[in-house]
Amino acid sequence: MLNTLLARTAGLLCDEAGRLSQAALYYEEAVAPPEHDPLLLLALADVRWRSGQADSARSCLASAEAMAQSSSDADVLKMIANIRSKWASDDS
């Protein structure tokens, strides 16, 4: 649990500093344990999208959506819809 928290925090700090590849590595480490957090997957999806890794970003988003649907997390599902909408406008 502590390693997950540290990896998540390091990912956030790297993301804020614009170090996207390092942020992605930390987010990947944070989502590795079996108790996945859909919010971490959303953060990883965002970093991958901004790094030009669209397919990987979509895969992370789909995984987060599956988790949110299974737990009926309406807030995360709304966030996912917003991200999809933003990405659609980025593609235009």
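Below, the structure is looked at part by part. (Residues numbered from 1 in each chain as written. Predicted model: local features only at pLDDT ≥ 70, side-chain atom pairs only at ≥ 80, totals over all residues. Heavy atoms only, no water.)

Some points on the overall build of the chain
Argument step 1. Broken down by element type, the chain carries five helices and zero strands.
Argument step 2. Seen in sequence order, the chain has helices and strands lined up from the N terminus as α-α-α-α-α.
Argument step 3. Relative to a compact globule of 92 residues, whose C-alpha radius of gyration would be 12 Å, the chain shows 13 Å and is just as compact.
Argument step 4. The buried share of the chain, taken over its 92 residues, is 36%.
Argument step 5. Pairs at least 24 residues apart make up 39% of the contacts formed inside the chain by residues separated by at least 6 positions.
Argument step 6. Here the chain has roughly 5500 Å² of accessible surface; of this, 55% comes from carbon and sulfur atoms.
Argument step 7. Across the chain, 8 positive and 13 negative side-chain charges occur, with their mean positions spaced 4 Å apart. (Helix = DSSP H or I, 4+ residues; strand = E, 2+ residues; numbered from the N terminus. Rg over C-alpha atoms; globule rule 2.2 N^0.38 Å. Buried < 20%, exposed > 50% of the residue type's maximum accessible area, 1.4 Å probe, protein only. Contact = heavy atoms within 4.5 Å. Areas by Shrake-Rupley, 256 points an atom, 1.4 Å probe, with all protein chains shown as cover. Lys, Arg positive; Asp, Glu negative; His and termini not counted. Charge placed at Lys NZ, Arg CZ, Asp CG, Glu CD.)

A word on the nonpolar core
Argument step 1. Counting residues in each nonpolar core, the largest one holds 26 residues, and the members touching the most others are Tyr27, Leu42, Ile80 and Trp87.
Argument step 2. Looking at this core, the elements with two or more residues in it are helix 1 (2–16), helix 2 (20–31), helix 3 (38–50), helix 4 (54–70) and helix 5 (74–91).
Argument step 3. The dominant element in this core, judged by the number of residues it contributes, is helix 3, at eight residues.
Argument step 4. Each residue touching Ile80, except ones within four places of it in the same chain, is listed here: Leu42, Leu61, Ala64, Glu65 and Ala68. (Core = buried A, V, L, I, M, F, W, Y, C linked by side-chain atoms within 4.5 Å.)

Notes on the pattern of salt bridges
Where charged atoms from two side chains of opposite charge approach closely, those side chains can pair.
Argument step 1. Within this structure, the stated rule accounts for seven salt bridges.
Argument step 2. Between Asp15 and Arg50 there is a salt bridge, with its nearest N and O atoms 2.3 Å apart. One end of the pair, Asp15, is in helix 1; the other, Arg50, is in helix 3, with 35 residues separating them in the sequence.
Argument step 3. Here Arg50 falls in the partly exposed class, since its relative accessible area comes to 41%.
Argument step 4. Ionic pairing is found between Arg84 and Glu65, a salt bridge with its closest N-O pair at 3.0 Å. (Salt bridge = Lys/Arg side-chain N within 4 Å of Asp/Glu carboxyl O.)

Examining helix 3
Argument step 1. Taking 1.5 Å of rise per residue, 13 residues should cover 18 Å, and helix 3 covers 18 Å from first to last C-alpha, within 8% of that figure.
Argument step 2. Within helix 3, 10 of the 13 residues are buried, leaving the element largely enclosed by the surrounding structure.
Argument step 3. For helix 3, the full list of buried residues reads Pro38, Leu40, Leu41, Leu42, Ala43, Leu44, Ala45, Val47, Arg48 and Trp49.
Argument step 4. With a side-chain oxygen positioned 2.9 Å from the backbone nitrogen of Leu39, the residue opening helix 3 is Asp37. (Expected span 1.5 Å × (residues − 1). Polar contact = N/O pair within 3.5 Å; in protein donor to acceptor, adjacent residues only side chain to side chain.)

A closer look at unusual backbone geometry
Only a minority of non-glycine residues have a phi that is not negative, and only a minority of peptide bonds are not trans.
Argument step 1. With phi around 55°, Ser72 is a residue other than glycine that occupies positive phi space.
Argument step 2. Positionally, Ser72 belongs in the loop between helix 4 and helix 5.
Argument step 3. For Ser72, a relative accessible area of 60% gives the class exposed.

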